[in-house]
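# Structural overview for review
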Amino acid sequence: IYITVEGGPGVSQEARAAHARGASVVPLMRTGGASSGLFEFPQGALQKPPFSTEEQWSLLASNTASVDESAAALAVVVGGAVAYSRKETAEQAADRLRSE
């Protein structure tokens, strides 16, 4: 699982390589730079993955959401990525994380 925050051409290059290998790339899009799609960041990594809900993914991009809301969404999305590798749904992963 690769989490990107802002970044330049190097971050974009690493994200492209990871995405091409099938790794989960989770960009914190609200931070700008490569993570928002610049520098040939992989467009597929900017699309909502199956392990995230629409609301969670929107919070990673939102400049109007609080940092706390985006950080909480990021934690759940990363948990969803782990769960996805275990074949859990995003909702099941969120429930599991809440109960831990």
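Everything discussed here concerns the structure shown above.
Residues numbered from 1 in each chain as written. Predicted model: local features only at pLDDT ≥ 70, side-chain atom pairs only at ≥ 80, totals over all residues. Heavy atoms only, no water.

### Examining helix α1 (residues 9-20)
Taking 1.5 Å as the rise per residue, α1 with 12 residues should run 16 Å; its terminal C-alpha atoms sit 16 Å apart, in good agreement. Looking at α1, one finds that the buried residues are Ser12, Ala15 and Ala18. For α1, the arc enclosing every buried residue in end-on projection is 130°, short of the 170-degree limit, so these residues lie on one face. Exposed residues lying more than 90 degrees from the buried face of α1 are Pro9, Gln13, Glu14 and Ala20. Taken together, the buried residues of α1 touch β1 (2-5) and β2 (25-28). Once α1 ends, the next one or two residues include Gly22, with phi positive near 90°. (Helix = DSSP H or I, 4+ residues; strand = E, 2+ residues; numbered from the N terminus. Expected span 1.5 Å × (residues − 1). Buried < 20%, exposed > 50% of the residue type's maximum accessible area, 1.4 Å probe, protein only. Arc of directions from axis to C-beta. Contact = heavy atoms within 4.5 Å.)

### Notes on helix α2 (residues 54-61)
An α-helix turns once per 3.6 residues; consequently, residues spaced three or four apart project the same way. For α2, the complete set of buried residues consists of Gln56, Trp57, Leu59 and Leu60. Buried residues in α2, looked at end-on, bunch into an arc of 155°, giving them a common side. In α2, those exposed residues whose orientation departs by more than 90 degrees from the buried face are Glu54 and Glu55. Residues of α2 that are buried make contact with β2 and α3 (67-85).

Everything listed here is a matter of geometry and, on its own, says nothing about what the molecule does.
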